[in-house]
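Below are the chains, spelled out letter by letter.
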Amino acid sequence: MSAVMISRKARKWEKLPGKNTFCCDGRVMMARQKGVFYLTLFLIIGTCALFFGFECPYLAVHLSATIPVFAAVLFLFVMAMLLRTSFSDPGVLPRALPEEATFIEMEIEAANGNVPSGQRPPPRIRNVEINNQIVKLKYCYTCKIFRPPRASHCSICDNCVDRFDHHCPWVGNCVGKRNYRYFYLFTLSLSLLTIYIFTFDIVHVVMRSVDDGFLSALKETPGTVLEVLVCFFTLWSVVGLSGFHTYLISLNQTTNEDIKGSWSGKNRVQNPYSHKNIFKNCCEVLCGPTYPSVLDRRGLMHEDPPVSASSAAPSSSSLSFSNSSKPAPPTTKTTAPLIPNEHTPDDAKPGIGSPEDDLPPSSFILPLASPETDAEAPVAKDKNH
């Protein structure tokens, strides 16, 4: 008699592909390489602890009691933004289901036709029109999806990230659509905290040197020298990083796009996401809506138990019953369109009765462009030429 096997309920984060680690039952999502993140915590907490231990008692008595209070508020804000950036989903896109991946592969082969042996097949690219400009959507061979605009595949986390900016080892996570504003606020507040501590370190040494001399002041505050060195070497990199991202936000551009030169202006290619206004670009990036995660990390899923040998051979009655009543194929609920306020060019839209009418519903399958459209350069050209 075969034993009864009960399926176990598991969280979806336990089966998610990629190279991420999860803590607190899937609530915390980070990259696997977290050594530099721990170094960031050590530098920030250690430097602030030395400042509160050596400088703040003297400055609160001889200058103002608001100096340690403001430093504490700034320190708490820096830590909140760091943890919010490091522990959140940056905007990871789910991979295609096996049925969807198979359908997309068949669709691509049908569109490309028969490629002669020895020749490289054409690139897997689809074109969409955004603000009267053609933008390429590249196919990800790992996730089996056509990546949305501004998305890219992170080789460290092995996931496609929406509005991918870069992978930051200092925060131990990717920086993307869902945590970019917190990353920017972290760099900006850390710059202010570094300048604040560095300035009052110098003030503390100068005030003590007036009464006791420079060497005596250093002996009385041994942590000041270490604080000054850490702040001095950190100041240039952090302030420079904050200024660079301020420049990118004013243009509504990502670090990945800036490095690749996607919108460098060559061949009349311009940034279709920029509003041509610094204030509007900053408002969109920093004050826009907070997008929900599409991973459903903490959702429940059933794990089928392994089938034993005794239960693998069903009886004839069970076979006749299973043949008479076949289960209905699973259906997938359609979701909101992937690219709001965007549309595909007219020559790329499928006609009535086209094979794309049988396309399985998925939020990451976009309409297929014709081979003539794929061969065109991704540049908005005048129709008269």
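Student: Got a minute to help me understand the sheet that holds strand E5 (residues 134-140) in this structure?
Tutor: Strand pairs in the sheet, formed through backbone hydrogen bonds, run parallel or antiparallel to each other. Pairing in this open sheet of 3 strands is antiparallel, and the strands run E4-E5-E6 from one edge to the other. Of all strands in the sheet, those with a lone pairing partner are strand E4 (125-129) and strand E6 (145-146), marking the two edges.

Student: What exactly am I supposed to notice about the environment of Pro-68 here?
Tutor: Mapping Pro-68 onto the fold places it in helix H2 (residues 66-86). The exposure class of Pro-68 is buried, given its relative accessible area of 18%. Residues Pro-68 and Glu-55 lie 13 residues apart in sequence; the distance between their C-alpha atoms is 8.9 Å. The residues contacting Pro-68, other than those within four sequence positions of it, are Phe-52, Cys-56 and Ala-60.

Student: Before we go on, may I ask you to explain the pattern of salt bridges in this structure?
Tutor: Should their charged atoms come close, side chains of opposite charge can pair. Within this structure, the stated rule accounts for 4 salt bridges. Across the salt bridge formed by Asp-25 and Arg-11, the nearest N and O atoms sit 3.5 Å from each other. Taken together, the positions of Asp-25 in the loop between strand E2 (20-23) and strand E3 (28-31) and Arg-11 in strand E1 (residues 8-11) put the pair 14 residues apart, joining distant regions of the chain. Of the residues examined, Arg-11 reaches a relative accessible area of 22% and is grouped as partly exposed. Across the pair Arg-95 and Asp-158 runs a salt bridge whose closest N-O atoms are separated by 3.4 Å. Here Arg-95, found in the loop between H2 and helix H3 (98-112), pairs with Asp-158, found in the loop between strand E7 (152-154) and strand E8 (159-161); they are 63 residues apart in sequence, far enough to count as distant. Here Arg-95 falls in the partly exposed class, since its relative accessible area comes to 25%.

Student: Help me understand the environment of Lys-280, please; the structure alone is not making it clear to me.
Tutor: If you trace the backbone, Lys-280 turns up in helix H8 (residues 278-287). Each C-alpha atom of the pair Lys-280 and Leu-251 lies 9.6 Å from the other, and the pair is 29 residues apart in sequence.

Student: Would you explain the nonpolar core in this entry?
Tutor: The nonpolar side chains of a soluble globular protein tend to be buried, and buried together. Core analysis: the largest hydrophobic core is formed by 36 residues, its most contacted members being Ile-44, Phe-51, Leu-82 and Phe-186. Of all the secondary structure elements, the ones that give two or more residues to this core are E3, helix H1 (35-62), H2, helix H4 (180-212) and helix H6 (222-251). With sequence-adjacent residues up to four places away left out, Phe-51 is seen in contact with Cys-56, Ala-71, Tyr-196, Ile-197, Phe-200, Asp-201 and Glu-227. Formed by 11 residues, the second largest nonpolar core is a distinct cluster that contains Trp-13, Met-29, Val-92 and Val-161.

Rules behind the numbers
- Residues numbered from 1 in each chain as written.
- Predicted model: local features only at pLDDT ≥ 70, side-chain atom pairs only at ≥ 80, totals over all residues.
- Heavy atoms only, no water.
- Pairing = 2+ DSSP bridges.
- Helix = DSSP H or I, 4+ residues; strand = E, 2+ residues; numbered from the N terminus.
- Buried < 20%, exposed > 50% of the residue type's maximum accessible area, 1.4 Å probe, protein only.
- Contact = heavy atoms within 4.5 Å.
- Salt bridge = Lys/Arg side-chain N within 4 Å of Asp/Glu carboxyl O.
- Core = buried A, V, L, I, M, F, W, Y, C linked by side-chain atoms within 4.5 Å.

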